[in-house]
Amino acid sequence: MATGTKRDTERLERVVIRFAGDSGDGMQLTGDRFTTSSALLGNDLSTFPDFPAEIRAPAGTLAGVSAFQVHIADRDILTPGDAPDVLVAMNPAALRANIGIVPAGATLIVNIDAFDDRSLAKAGYSGNPLTDSSLSAYTVYEVPMTSLTQEVCKEAGVKPRDAERSKNFFALGLISWLYTRPIEPTLEWITARFGSDNPVAEANTRAFRAGYHFGETAELFTSNYEVRAAPFEPGEYTQITGNQALAWGLLAAARLAGLSLFLGSYPITPASDILHELSRRKDFGVRTFQAEDEIAGVGSALGAAFGGSLGVTTTSGPGLDLKSETVGLAVNLELPLIVVDVQRGGPSTGLPTKAEQADLLHAMYGRHGEAPVPIVAPRTPAHCFEAAIEAVRLAVTYRTPVIVLSDGYLANGAEPWRLPDLSTIAPIDPAFASEPNHVDEDGTPTFLPYVRDPETLARPWAPPGVPGLEHRIGGLEKADLTGNVSYDPANHEAMVHWRANKIAGIAKVLPDVEVDHEDGAEVLVLGWGSTYGAITAGVRRVRGRGLKVAQAHLDFVNPFPLNLGEVLARYPKVLVPEVNLGQLSKLVRAEYLVDAHSLNKVQGVPFRAAEIEDAIVKLIGGTL
Amino acid sequence: MTAIPVTTRKDWTSDQEVRWCPGCGDYSILAAVQMLLPDLGVRRESTVFLSGIGCAARFPYYMNTYGMHSIHGRAPAIATGLATTRPDLDVWIVTGDGDALSIGGNHLIHALRRNVNMTILMFNNQIYGLTKGQYSPTSEISKVTKSTPFGSIDTPFNPISLAIGAEATFVARTHDMDRGHMQETFRRAHDHKGAAFVEVYQNCNVFNDGAFEKITSRDARASMLIPLVHGEPIRFGADLERGVVQRSDGHLEMVEVAEVGEGALVVHDEVREDPGLAFALSRLASGPHEPTPIGVFRAVEHPEYGEEMSRQIVRAQERAGAGDLEALLRSGSTWTIE
Ligand code: SF4
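Residues numbered from 1 in each chain as written. Chains lettered and ligands numbered in written order. Predicted model: local features only at pLDDT ≥ 70, side-chain atom pairs only at ≥ 80, totals over all residues. Heavy atoms only, no water.

(A) Quick look at the overall build of chain A. For chain A, the count of helices and strands is 20 helices and 25 strands. Rg of the C-alpha trace for chain A: 27 Å, near the compact-globule value of 25 Å for 624 residues, within the 12% margin. If one aligns the C-alpha atoms of chain A with their principal axes, the spans along those axes are about 95 × 60 × 45 Å. Taking all 624 residues of chain A together, 61% fall into the buried category. Placing the 53 positive and 75 negative side-chain charges of chain A at their respective mean positions leaves the two points 4 Å apart. (Helix = DSSP H or I, 4+ residues; strand = E, 2+ residues; numbered from the N terminus. Rg over C-alpha atoms; globule rule 2.2 N^0.38 Å. Buried < 20%, exposed > 50% of the residue type's maximum accessible area, 1.4 Å probe, protein only. Lys, Arg positive; Asp, Glu negative; His and termini not counted. Charge placed at Lys NZ, Arg CZ, Asp CG, Glu CD.)

As structure tokens, this is what we get:
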């Protein structure tokens, strides 16, 4: 890199940057690359990709704006940031769609080349916000990204139209300079991704270097910034998204159980990346099956489970609706089955690319009859790895379908992940039936498929292939022990209780819910799933104001941990923030008769720490 | 592997009381299967019967094998997961016209096109039995039932045409009045690699009695059933006096052999890759009231889905070695904090 005027480098503890452009502008990629180089620098980070459901909405319109927000810090952080400190806007629509969440005093870096009359009009601007005074609260940098990119690409023999596509790398280069990111990882990545003799690689490299160079030499910026490494626990780290962690967790779980993994799935946003990731893992012996529909996805997984494999299906809300009947069958068959629901905004098609936690009651109760199913809820992207393993452990041990409730925010969000020592994770024992478990009156050894383990109440798992264990199971009510069809009223009631008690009994092996307590705290904030980051950040802020508050977070929503009732009873006030209209709060109210306050948000975006903080403070002050 | 034990029908019969209506065609199909299995050279513990919902779907309960009575229409989906993960098993599906063609139509056609290793026996009685007599997707138009008091208005499916259209590699038809024919057809279906589809005309004596009588009764068979025999001219009748010819526009027609000469008859070719002839044969009769072909319409060798799935795994492992989880977790950018 050429060195320009030496500028000061200011140190920042943290910064939130939001890259925004047209869907076709490559903003997700830009954000992702910035994240990776920050991870390699040792920052703590959290990301929030925010993109439309349409693959390519009309260029330049508000509907087509795609954004990627990343929060980097030299200390432990939990959320992608409430509000951006810097907005990079590649066109007027990106500016207009995002300016509402950018606080006064923030920095705007705009691609001035895109602010022509036509683009302004498309974005719905009647004038030019850069020339009227509407942006006076911000520091605005106008950078001719498109033209500078085209200029440097001209020499590489790249046509102007193609060169224009590299302007996101110009932006990435500029921001990399502004925040003193290393450039080598990105340069290496460009070569690896596009191939060294590909003109696209050449164009991207030139654009990236030009952006970096521009920051350095143009007398626009008075200084640049550094965000130093965060103090992480020693260990080896990688950066991971929720969907990837979930896929890898399933691989790890299959290995821990010594089972082969079968995934039956139908493509659906935002769950498809799990199918994609596992489809690449043929070397692990994974069988992935892109089914004809959601029902066949779960059906095939159940068939594989009947055959002794680890059967998994992945989906989102609309798919969970369709799978309900088969999950009910699995409850009756008492076979292990993993159903991953990466929740999105609903009802119906809803908001496919946005996050919501509104499938909780569906997972709890969305089947006819008394059909309880354990529910596991990861709290952060990296936690999806562990959640997948624990879900498989419960499914296999208790011969039951288990629903994993991830969501779009966890699925696509990334964070640093300290690689686990796999040898320390307890193995999972499928304990297949291998011999008859009963002797008939006439002395013949026989197999009763519904004899229960006294401890877990689980029935034997007896895949076909073992002589002497032939048996038939099905959706009709089973007779206790024999599993034969039974319409006997007393038997039905007994079986309903067996199934309910089996799932309720899982609580005995669940870890207690941990409470981050402070002496004098009268308010407990209880959450589940992906609100963990925002709640924890909100709690920190409240404590930063000198107020007392306690926090607990559920990784297992059904059954509840054994100590939850006692924990709730300790606090006069309980706040339950959820990205729904109050589903966990209904459950704890019903179960523990606790007067929980529900804090709700259903905008397709996660809570901001400030919203949680505000609610806690009000509850402490008695004004909520 | 120990030798396959010698078995009899009794060994394949479960201790559960059979609960179909007395006189139901299902009994003779069950008997045909139970009596055939000892001859197939298969093991009980490696045999699985799967079903959905309907009268036919009770079948697995009566077989002393592994079995699952699942939910309406879904057996082919469940079987796909089982058959692809357990290529060592013999997977049978017993289904009905409502189960397979109505609620489960999507699963059926996709299992067929993928050619997943399973033997599908579809009992076609052209009615809903278990729900007590509504018309089915194979009921003839104008059928008066409880749900169609003024007659049904939907065009029925032709199951054989549907299966051929769905790229099925084995398609056959048999009927519940002829054990020998059923057993020969089931044996062929079982031995076929991939998905085999067999339509079994089955009499529901309670809700649709006599639906196939015109063609399957002992007296009618000779003149009303057209046996398909691979490599043989297609002919039927007590003295084989009738036959099938193909017109220049491709459509098939029944003729008097004496009028056209034996040489003019269509020679059945079940292994022909082009499904045109099999399809035309499936359209020869518009319903079980005129001469109807039975036997194997189509039997072609295509790659089997589960085998292909396994092959990709073997190739990937040959190329990259067996998956290494530790290495996978480190496959992205990693950094170390001391
Ligand atoms: S209703 Fe019809 S198909 Fe069902 S068992 Fe009775 S006779 Fe057989």
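(B) Highlighting the overall build of chain B. A tally of helices and strands in chain B yields 12 helices and 14 strands. A compact globule built from 338 residues would reach a C-alpha radius of gyration of about 20 Å, and chain B, at 22 Å, matches this within 12%. Each of the 338 residues in chain B was classed as buried or not, and the buried ones make up 57%. When contacts within chain B are restricted to residue pairs at least 6 apart in sequence, long-range pairs at least 24 apart make up 65% of them. Between the averaged position of the 31 positive side-chain charges in chain B and that of its 42 negative side-chain charges there is a distance of 4 Å. (Contact = heavy atoms within 4.5 Å.)

(C) Fine view of the site of the ligand. Contacts to the ligand come from B:Trp20, B:Cys21, B:Cys24, B:Cys55, B:Asn125, B:Gly129, B:Gln202, B:Cys204, B:Asn205, B:Val206 and B:Phe207. Classifying every residue of the shell around the ligand gives seven nonpolar, four polar and no charged. (Near = heavy atom within 4 Å. Nonpolar A, V, L, I, M, F, W, Y, C, P; charged D, E, K, R; others polar.)

(D) How the structure looks around the side chain of A:Asp44. Residue and element names in this part refer to chain A. Mapped onto the secondary structure, Asp44 falls in strand E3 (residues 44-50). Here Asp44 is buried and forms no salt bridge, its nearest opposite-charge partner Arg540 lying at an N-O distance of 7.2 Å. Only 2.8 Å separates the side chain of Asp44 from the backbone nitrogen of Ile77, close enough to count as a polar contact. The residues touching Asp44, leaving out its near neighbours within four places in the chain, are His71, Ile72, Ala73, Arg75, Asp76, Ile77, Ala230, Phe232 and Pro416. (Salt bridge = Lys/Arg side-chain N within 4 Å of Asp/Glu carboxyl O. Polar contact = N/O pair within 3.5 Å; in protein donor to acceptor, adjacent residues only side chain to side chain.)

(E) Summary view of the sheet that holds strand E9 (residues 235-241) of chain A. Taking strand neighbours across the sheet as the criterion, the three strands line up as E16(A)-E9(A)-E14(B) in an open arrangement whose pairing is antiparallel. Edge positions in the open sheet fall to strand E16 (414-418) of chain A together with strand E14 (334-337) of chain B, since each of these has one partner strand only. Mean inter-strand twist for the sheet, computed between neighbouring axes without regard to direction, equals 35°. By the bridge criterion, five bridges tie E9(A) to E16(A) in an arrangement that is antiparallel. When the bridges of E16(A) are listed, A:Ile240 appears paired with A:Glu415. Along the sheet, helix H1 (residues 27-41) of chain A makes contact with E9 of chain A together with E14 of chain B, crossing E9(A) at roughly 165°. (Pairing = 2+ DSSP bridges. Axes fitted to C-alpha atoms, helices over the stretch in contact; angles between N-to-C directions.)

(F) Inspection of the pairing of strand E4 (residues 65-73) of chain A at higher detail. All names here are of chain A. The element E4 is extensively covered by neighbouring structure, given that nine of its nine residues are classed as buried. Of the two faces of E4, the one lined by Val65, Ala67, Gln69, His71 and Ala73 and the one lined by Ser66, Phe68, Val70 and Ile72 are each fully buried. Sheet analysis places strand E2 (residues 14-22) next to E4, joined by nine bridges and oriented antiparallel. By the bridge assignment for E4, Arg14 is matched with Ala73. In terms of strand pairing, E3 meets E4 through seven bridges, oriented antiparallel. Bridge pairing in E4 links Pro49 to Phe68.

(G) Structural view of the interface of chain A and chain B. Taken together, the contacts link 68 residues of chain A with 58 residues of chain B. Taken over both partners, the interface formed by chain A and chain B buries close to 5,300 Å², and the fraction arising from carbon and sulfur atoms is 62%. In terms of surface lost to chain B, no three residues of chain A exceed A:Arg287, A:Glu292 and A:Arg472, which account for 14% of the buried area on that side. The interface formed by chain A and chain B holds three salt bridges in total. (Buried area = accessible area lost by both parts, 1.4 Å probe.)

(H) Looking closely at the pairing of strand E3 (residues 90-96) of chain B. Residues and elements named next belong to chain B. A large share of E3 lies buried, amounting to seven of its seven residues. Of the two faces of E3, the one carrying Asp90, Trp92, Val94 and Gly96 and the one carrying Val91, Ile93 and Thr95 are both buried. Bridge count for strand E1 (residues 47-51) against E3 is five bridges, and the pairing is parallel. Of the residues in E3, the one forming a bridge with Thr47 is Asp90. Looking at chain direction, E3 and strand E4 (residues 118-124) are connected through five bridges and run parallel. Residue pairing across strands places Ile93 opposite Ile120, the latter belonging to E4.

(I) Examining the domain arrangement of chain A more closely. Residues and elements named next belong to chain A. Along its sequence, chain A is organised into domain 1 (10-227), domain 2 (239-424), domain 3 (431-488) and domain 4 (515-621). Centre-to-centre, using C-alpha coordinates, domain 1 lies 36 Å away from domain 4. Counting residues at the interface gives five residues for domain 1 and 12 residues for domain 4. Carbon and sulfur atoms supply 60% of the area that domain 1 and domain 4 bury against each other, a total of about 690 Å² over both sides. The largest contributions to the domain 1 side of the interface with domain 4 come from Phe48, Leu78 and Asp82, which together make up 73% of the buried area. Remark: the boundary between domain 1 and domain 4 carries two salt bridges. Across the pair Asp82 and Arg541 runs a salt bridge whose closest N-O atoms are separated by 3.5 Å. For the pair domain 1 and domain 4, the number of links is four residue pairs in polar contact (both at pLDDT 80 or more). Classifying every residue of the side of domain 1 that touches domain 4 by side-chain character gives two nonpolar, one polar and two charged. (Domains from an automatic or database assignment.)

(J) Just helix H6 (residues 167-178) of chain A, in detail. Residues and elements named next belong to chain A. Compared with the 16 Å implied by 1.5 Å per residue over 12 residues, the 17 Å span of H6 between its first and last C-alpha is a close match. H6 sits mainly inside the fold: 12 of its 12 residues count as buried. All buried positions along H6 are accounted for by Lys167, Asn168, Phe169, Phe170, Ala171, Leu172, Gly173, Leu174, Ile175, Ser176, Trp177 and Leu178. Residue Thr180 follows H6 closely and has a positive phi angle near 45°. (Expected span 1.5 Å × (residues − 1).)

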